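# Descriptive analysis of the structure
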Amino acid sequence: MSDLVSIIVPVYNAEKYLNKCLDSIVNQTYSNLKIILINDGSTDNSLSICNDYTNKDGRIIVIDKHNTGAADSRNEGLKKATGKYIMFVDSDDFIDLNIIEKKLTMLVGFDDTIAMCKMGVCFSLDHIQKQEENLLKTAYGNNAIKNSIIYRYFYPTSKNEKLAGSACRMLIPRKIITDNNIKFKNLRFREDAIFCIELLLKTNNVLVLDEALYFYHLNQRSVSRDIRVEHLTEFVNYLICLNDTLLLGNFDQKKQKNILNSQKQMVINIFFRTIFNANLKYHQKIKLLNHYLSKDIFANYKSIEARGTKGEKQLFYLVKTKMYFIINFYYWLKNRCFKRQGFGF
């Protein structure tokens, strides 16, 4: 095996995790790598750390740019990528030292095929837990990719059926990306999942390694982190983009509806958590909610059958029955209790 692999790493204020991330890349057992670090306007020591590694390892290049987000950073990396394969690593994550060698070994004899692995969760720098994903060690053809991978990104039938829609778990033939002009959409939310759908729909086969070889920090992946009222339009854009992408993929209508409904429920719940935690008067909150729920993408949202945890189902029931005053009181009480106990909120 001598194929060049380009590894794209968008970097933003990751000084706490960056050394571990880069060490796991430069020390891979497979060494024919081009490592592309894109500093996305970091305000900490991330750029300095990147430059230190560049001085020590000639395989590394650093792109320094203004802050434009992870999607744009990855697209900049794609422009610089060369070789047969591409892999993405987030700067607060790390990878098994054998991940590339194991995936390339598995891909011998396969063309236009993606290699995937399971993922592990890091609750801290020292506490790692492997995901119990029910992802079989097998080859998936085109129909199985839709039914067994993409569908489970959004509509798992059980906890063990859930899959993280992340490009980072994949080793990708660069030809698939370049031939189909696949890029990350300019979204703040779940641009990774949209990229994965487009990529998988253009792939002949997916091979799966039954090992957790990619490790991400759970505290950095919270759906609700840093979401403010001014970000909510991004969630509407995500749903519209998801709908358009599924239409292009000629999905079964029932499955397409299930995927969209599950994502609508999630987004609506985020709307309520964000708006009712905001420092707004009650009538302002209701006006803002009505503004978003009146969008075409949320037509008939009251017919959606709630899924998820008990709390998520209860919240969605209150949303559908417009018991906004109960939701408002709940978040008011929650905020008050947190402040009394000395926690920020």
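Our structure is the block above this text.
Heads up: these notes are all about the structure in this document. (Residues numbered from 1 in each chain as written. Predicted model: local features only at pLDDT ≥ 70, side-chain atom pairs only at ≥ 80, totals over all residues. Heavy atoms only, no water.)

### Quick notes on the packing of helix H8 (residues 232-248) against helix H9 (residues 253-277)
Test applied: Whenever a helix is involved, its axis is fitted only over the stretch in contact; in every case the axis is a line through C-alpha atoms, and angles between N-to-C directions fall within 0 to 180 degrees. Secondary structure elements are taken from DSSP: a helix is a run of H or I of four residues or more, a strand is a run of E of two residues or more, and numbering for both begins at the N terminus. Note that the term roughly parallel is reserved for angles under 35 degrees, roughly antiparallel for angles over 145, roughly perpendicular for angles of 65 to 115, and oblique for everything else. We call two residues in contact whenever any of their non-hydrogen atoms come within 4.5 Å of each other.
It is the contact of H8 with H9, at a shortest axis distance of 10 Å, that shows an interaxial angle of 175°. Between H8 and H9, the angle falls in the class roughly antiparallel. On H9, the residues touching Leu232, Phe235, Val236, Tyr238, Leu239, Leu242, Asn243, Leu246 and Leu247 of H8 are Gln256, Ile259, Leu260, Gln263, Lys264, Met266, Val267, Ile270, Phe271, Thr274 and Ile275.

### Side note on the side chain of Ser42
We apply this condition: Exposed residues in this analysis have more than 50% of their type's maximum accessible area, buried residues have under 20%, and partly exposed residues fall in between, with area computed by a 1.4 Å probe over protein chains only. For the purposes of these results, a polar contact is taken to be a pair of N or O atoms within 3.5 Å, where, inside protein, one atom must be able to donate a hydrogen and its partner to accept one; residues adjacent in sequence count only when each atom of the pair is a side-chain atom.
When you line up the elements, Ser42 lands in the loop between strand E2 (33-40) and helix H2 (46-56). Residue classification places Ser42 among the buried residues on the basis of a relative accessible area of 15%. A polar contact is formed between the side chain of Ser42 and the backbone nitrogen of Asn13, at a distance of 2.9 Å. Setting aside chain neighbours within four positions, we find Ser42 in contact with Val11, Tyr12 and Asn13.

### Some remarks on helix H11 (residues 310-320)
Note the cut-off: Directions from the helix axis toward the C-beta atoms define the arc.
Among the residues of H11, those classed as buried are Leu315, Phe316, Leu318 and Val319. With its buried residues spanning 155° around the axis, H11 presents them on a single face. Of the residues trailing H11, Lys322 is marked for its positive phi of about 55°.

### What to know about the environment of Cys122
Along the chain, the position of Cys122 falls in strand E6 (residues 113-122). Overall, Cys122 belongs to the buried group, its relative accessible area being 0%. A sequence separation of 96 residues divides Cys122 from Leu218, and the C-alpha atoms of the two residues are 6.0 Å apart.

### Re the pairing of strand E4 (residues 85-88)
Convention followed: Between any two strands, at least two bridges found by DSSP are needed for them to pair.
The two faces of E4 match: Tyr85 and Met87 on one face and Ile86 and Phe88 on the other face are all buried. Here strand E1 (residues 5-11) runs beside E4; their pairing, made up of four bridges, is parallel. From the neighbouring strand, Ile8 faces E4, where its bridge partner is Phe88. Across two bridges, E4 lies against strand E9 (residues 170-173) in antiparallel orientation. When the sheet's bridge partners are listed, Tyr85 is paired in E9 with Pro173.

### A few points about the side chain of Ser166
Its place among the elements puts Ser166 in the loop between helix H5 (142-154) and E9. Overall, the relative accessible area of 10% leaves Ser166 in the buried class. Among the polar contacts listed, one links the side chain of Ser166 to the backbone nitrogen of Cys168, at a separation of 3.1 Å. Sequence-distant contacts of Ser166, that is, excluding residues within four places in its chain, are made with Met119, Tyr153, Asp192 and Cys196.

### Some details on the pattern of salt bridges
Here is the rule we go by: In the sections that follow, a salt bridge refers to a side-chain nitrogen of Lys or Arg positioned within 4 Å of a carboxyl oxygen of Asp or Glu.
Within this structure, the stated rule accounts for twelve salt bridges. Across the salt bridge formed by Lys185 and Glu198, the nearest N and O atoms sit 2.6 Å from each other. Of the two residues, Lys185 sits in the loop between helix H6 (174-179) and helix H7 (191-201) while Glu198 sits in helix H7, which places them 13 residues apart along the sequence. By relative accessible area, Lys185 is classed as partly exposed at 29%. A relative accessible area of 18% means that Glu198 is categorised as buried. Here Glu230 makes a salt bridge to Arg228, at a shortest N to O gap of 2.9 Å. Residue classification places Arg228 among the partly exposed positions, given a relative accessible area of 45%. One salt-bridge network, in which partners are shared between bridges, spans Arg74, Asp90, Glu191 and Asp192.

### Considerations on the environment of Asn204
Within the secondary structure, Asn204 sits in the loop between H7 and strand E10 (205-217). For Asn204 and Gly141, which are 63 residues apart along the polypeptide, the C-alpha to C-alpha distance reads 6.2 Å.

### Section: a nonpolar patch on the surface
Quick reminder of the rule: Residues form patches when they are more than 30% accessible in relative terms and have no salt bridge. Like charges link within 9 Å. Nonpolar side chains (Val, Leu, Ile, Met, Phe, Trp, Tyr) link within 5 Å. Method for areas: the Shrake-Rupley scheme with a 1.4 Å probe, in which residue coverage is limited to the protein chains shown.
A contiguous nonpolar patch, built from Tyr282, Phe325 and Ile326 and spanning about 300 Å² of accessible area, is present on the exposed surface. Considering the arrangement of structural elements, one finds Phe325 in helix H12 (residues 324-340). On the basis of relative accessibility, which here comes to 54%, the residue Phe325 falls in the exposed class.

### Quick notes on the nonpolar core
What counts is decided by this rule: As used in this record, nonpolar core signifies buried Ala, Val, Leu, Ile, Met, Phe, Trp, Tyr and Cys residues forming a set joined through side-chain atoms within 4.5 Å.
Membership of the largest hydrophobic core comes to 108 residues, with the highest contact counts inside it found for Phe88, Phe271 and Phe272. Setting aside its immediate chain neighbours within four residues, Phe88 contacts Ile8, Arg74, Leu78, Ala167, Cys168, Ile172, Phe184, Phe195 and Tyr214.

### A word on unusual backbone geometry
With a phi close to 50°, Asn181 is a non-glycine residue in the positive phi region. Its place among the elements puts Asn181 in the loop between H6 and H7. According to the relative accessible area criterion, Asn181 is exposed, its value standing at 56%.

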